[in-house]
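Close look at the chain arrangement
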Amino acid sequence: MYRLALLGRDIGYTKSPAVHKAIAAALAVEVDFEVCDVTLDKLDGAVNSLIKNKDAFFITKPYKNDVKRFLSKINTKCGVNFVICRDKAGYNTDGIGFISSLDGTYPSWRDEVDGALVLGAGGAAYAVTEALINAGKKVYVLNRTVVNAAKLCSALGAEIYLNQPAELIVNCTSLGLHGEDALYSMCVMPSFKYGFDLVYSGGETPFLRRLREAGCKTQNGMDMLVYQAIAGDKILLGNETLDAEKIFKEVGKILNKG
């Protein structure tokens with residue numbers, strides 16, 4: 001029995017428990033999964049309890065950088081979204097999940113995208129930016145707080161967005177969770193070939209709808225959620241030979257049955 005959890009704030013929408021139980025079923029292992037939804041003043045106690053009582057836990061908004069101070073080893077330049085408790089070791093699997101999701105749905109994106117615009121400058125934006133740069137793409141960052149965008153660009157080698165040409169736009173903000181339109185909020189026109197929204201709950205977000213109506217190929221964050229979870233479970237199990245694509249297909253069958 002593996003004891004897992006998800007740590008975040010205002011995450012009642014999460015589908016992580018169903019995803020991880022489906023992955024466990026595909027791998028023929030048992031998993032106990034807890035959602036730990038806490039405010040900032042409760043974070044220290046929650047993290048210490050998770051490290052003590054769980055095998056591993058995932059982290060979502062807004063704590064991907066906050067958890068670093070509890071860890072002995074950090075294996076990423078980005079925010080931490082996965083922790084192995086016995087080692088107090090932090091990882092980021094968001095980038096793997098993002099690229100795997102795009103590759104699985106739109107394999108042509110690698111040939112058709114030279115530049116990508118990333119909205120946001122939080123933990124997820126770091127992971128997506130790094131993954132895109134590693135894939136050989138130019139990355140531009142737009143964030144409402146410019147100093148945070150500048151820090152991201154300096155850390156990873158991206159550029160501040162000043163209307164440079166880009167074929168892919170990725171919403172790494174939380175805009176859309178409550179019906180907001182990230183394009184409108186960030187003052188960006190929907191002139192892209194591909195649009196990706198890390199938000200996966202509540203159906204099609206206004207961001208994706210406007211992009212689709214403008215002729216853009218769109219995708220939400222659901223597949224990314226599954227792929228990043230598989231990557232974390234591979235680390236936990238210590239088995240890099242696990243076939244992520246095979247597991248992903250099995251998880252899809254299980255989730256669709258549910």
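The coordinates are above.
Since the structure is predicted, the reported quantities are computational estimates derived from the model, not experimental observations.

1. With respect to the environment of Ala 121
When you line up the elements, Ala 121 lands in the loop between strand E7 (115–119) and helix H5 (123–134). In the structure, Ala 121 is positioned 30 residues away from Lys 151 in sequence and 8.4 Å away in space, judged by C-alpha atoms. If we ignore the near neighbours within four places in the chain, the residues touching Ala 121 are Tyr 126, Asn 143, Asn 148, Ala 149 and Leu 152.

2. With respect to the packing of helix H1 (residues 16–27) against helix H9 (residues 222–237)
Running from N to C, H1 and H9 cross one another at 55°; their axes reach a closest spacing of 10 Å. By the angle between their axes, H1 is oblique relative to H9. Where H1 crosses over H9, the handedness of that crossing is right-handed. Counting all contacts with H1, which are made through Ser 16, Val 19, His 20, Ile 23 and Leu 27, the residues of H9 involved are Met 222, Leu 225, Val 226, Ala 229, Ile 230, Asp 233 and Leu 237. Split by residue class, the contact of H1 with H9 holds 9 nonpolar, 2 polar and 1 charged.

3. Some details on the nonpolar core
Phe 98, Trp 109, Val 128, Leu 132, Leu 168, Val 170 and Leu 198 are the most contacted members of the largest nonpolar core, which totals 31 residues. Within the residue set of this core, elements represented by two or more residues are helix H3 (94–105), E7, H5, strand E8 (138–142), helix H6 (146–156), strand E10 (168–171) and strand E11 (194–197). When residues in this core are grouped by element, the largest group, 7 residues, is from H5. Dropping the residues within four chain positions of it, Leu 198 is found in contact with Ala 124, Val 128, Val 170, Asn 171, Cys 172, Gly 221 and Met 224. Formed by 18 residues, the second largest nonpolar core is a distinct cluster that contains Ala 5, Val 38, Val 47 and Cys 85.

Reading guide: rules and limits
Residues numbered from 1 in each chain as written. Predicted model: local features only at pLDDT ≥ 70, side-chain atom pairs only at ≥ 80, totals over all residues. Heavy atoms only, no water. Helix = DSSP H or I, 4+ residues; strand = E, 2+ residues; numbered from the N terminus. Contact = heavy atoms within 4.5 Å. Axes fitted to C-alpha atoms, helices over the stretch in contact; angles between N-to-C directions. Parallel < 35°, antiparallel > 145°, perpendicular 65-115°, else oblique. Left-handed = near helix turned anticlockwise from the far one by under 90°. Nonpolar A, V, L, I, M, F, W, Y, C, P; charged D, E, K, R; others polar. Core = buried A, V, L, I, M, F, W, Y, C linked by side-chain atoms within 4.5 Å. Buried < 20%, exposed > 50% of the residue type's maximum accessible area, 1.4 Å probe, protein only.

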